[in-house]
Amino acid sequence: MSDTHVKRVDHIFKKANCREVLEKIMDMKPDDICQELLESDLKGRGGAGFPTGLKWRFAANEEDPVKYIICNADEGEPGTFKDREILDQVPEKVFCGMAVASRAIGAKMGYIYLRGEYKFLIPMLNEELLKFHKTMDEFNLNFRIQIRLGSGAYICGEESALFESIEGKRGEPRNKPPYPTKSGLFGKPTVINNVETLVYTVMIMRYGAAHFKELGTKDSRGSKVFSVSGDTPKAGIFELELGMSVDEFVQDFGDGDTKAVQVGGASGFCVPRKKFEETIIGFEGVPTGGSMKLFNSTRSMYNLLHNYLDFFTEESCGQCTPCRVGCQQLLKGVEAVKRGDKNSKYLEELVKLAKTMKRASKCGLGQSVGNAFGSIVENFKEEIIY
Amino acid sequence: MDTIIENELVRELANQHGRTRESLIPILQDLVVHKRFLSKQDMVDVARELNISAADVYGTATFYTFLDTELRGKYVIRICKTISCAMKGKNEILSTIEEILKLNLGETTPDRKFSLLEANCIGWCHKAPAMLINDTPYTELTPEKVTEILREYIKK
């Protein structure tokens, strides 16, 4: 099997001279940093895909002496593990990205919110932070980073739940608006970016927006780090050019018998074989924070759906009714259909419920349960029923 | 006598992390490191130390899976049950551990050395099946490998 279908890229894990980047941004006006990012079309790599330059500019425009920059390292989406590897391999680039952001928006304090499952990284990260803070002093930059540890709650990857958690509370998402750039951590203007996004900002500062845009498509510029798992001979972490179809991806990473790919984890979409060719992995097709799970024909899609619903039922924060009750009812519902207690028509009712959750839930968790649910039920109805 | 020792630890942790609300989770996390779980008394003491309601401490603690409010063993084993690990033989690993330690999922051994729990995705899907023992990840588990790992912990 050849590797020629998808272009491999090596930006993220390549060592970089962060001092060079810092020297460069010291000569730039804060707004020029935002402008360069806007021109690069970099979109958030956590999955939601908000333009990073715009986010930074919104925060920069807020007049408040206290602002925060947060690195979201609460990587909890099933099938995602690339942020751990980035933090492990190139922590200095993550810190550097935060320093660039701090300069752009005028923040003096940054936090890394690291999921509790990655606690073993902390001694190494603290050591690297010591070096980083020395560099900050040398550059006369008044910026410090602190690490805060999660405690096993998936929902804390949601930005406003993450703020609540740093503030010492239950990780329950807030209403939006106000958005974090206006009122985030401790009610202050806050930029929160995914680990990978921050590293790309370093690359853009170093080589310019034009270089970043050489790869990718109009809607999905650049490259992205993918976490590949499931039925594949090449499980692991791969940086790939954006804009490939699921078919091209499967030709490189499949085991020859791939029947479906779950793009974007439990909150993402299930793409069946018949749609591989027409489906683009990116913001114009199925977006992903990097999670790519392959399933071959030996796998039961009912088991997949059940596993995800079990996950969401446990991880729903319970604050809003559509999500709390909805997750439970979807899980009970598919179990009832499988047992034969409910007929197949009942699945349509459940799809309606998932759609209601999308509209009525308070945050991204409840809003995205329907993605996997709808796409698995639609494409693998027989497997769910029989 | 016990209560005084408990208070001392809480006071020490509050000295270290601070007494504002945002210190609460780091204090609770460290308490779990020291005692493997949060007792009611400890939560009341933290509330007094931070001058907040014990209900707030309890409410926050119970929100987070890793802030255990039930008695746990010295070594907490958390096996990932999410799909990639489930596909790659997590159940086999689970029954191997249950057999070796003679306990069921969710239980703690009578000597309070081991607890066996399941976890949602712990971020090692490419090296499934995976588990954490306290903070240490173990990946690409097989029944033989997990037997070897547990043998080392039993000796400790």
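Residues numbered from 1 in each chain as written. Chains lettered and ligands numbered in written order. Predicted model: local features only at pLDDT ≥ 70, side-chain atom pairs only at ≥ 80, totals over all residues. Heavy atoms only, no water.

Section: the interface of chain B and chain A
With 32 residues of chain B at the contact, the number on the chain A side is 51 residues. Across the chain B/chain A interface, buried area totals approximately 3100 Å², and carbon plus sulfur atoms make up 55% of it. Here chain B and chain A share three salt bridges between them. With a closest N to O distance of 3.1 Å, Lys81(B) and Asp310(A) form a salt bridge. Applying the counting criterion to the chain B and chain A interface returns 24 residue pairs in polar contact (both at pLDDT 80 or more). For the side of chain B that touches chain A, the secondary-structure elements that each account for two or more residues are helix H2 (24-35), helix H4 (54-63) and helix H5 (83-87) of chain B. Its residues assigned to classes, the side of chain B that touches chain A shows 17 nonpolar, 10 polar and five charged. (Contact = heavy atoms within 4.5 Å. Buried area = accessible area lost by both parts, 1.4 Å probe. Salt bridge = Lys/Arg side-chain N within 4 Å of Asp/Glu carboxyl O. Polar contact = N/O pair within 3.5 Å; in protein donor to acceptor, adjacent residues only side chain to side chain. Helix = DSSP H or I, 4+ residues; strand = E, 2+ residues; numbered from the N terminus. Nonpolar A, V, L, I, M, F, W, Y, C, P; charged D, E, K, R; others polar.)

Examining the environment of Leu50(B)
All names here are of chain B. Mapped onto the elements of the fold, Leu50 is located in helix H3 (residues 40-50). Each C-alpha atom, one on Leu50 and one on Glu107, is 32 Å from the other, the two residues being 57 residues apart in sequence. Not counting chain neighbours up to four residues away, the residues in contact with Leu50 comprise Ala14, Gly18, Arg19, Thr20, Leu24 and Ile27.

Here we look at the domain arrangement of chain A
Residues and elements named next belong to chain A. By domain assignment, chain A separates into domain 1 (18-213) and domain 2 (301-381). In this complex, domain 1 contributes 13 residues to the contact, which on the side of domain 2 involves eight residues. Together, the buried faces of domain 1 and domain 2 total about 870 Å²; carbon and sulfur atoms form 67% of this surface. The interface formed by domain 1 and domain 2 includes zero salt bridges. Put simply, domain 1 and domain 2 have three residue pairs in polar contact (both at pLDDT 80 or more) between them. (Domains from an automatic or database assignment.)

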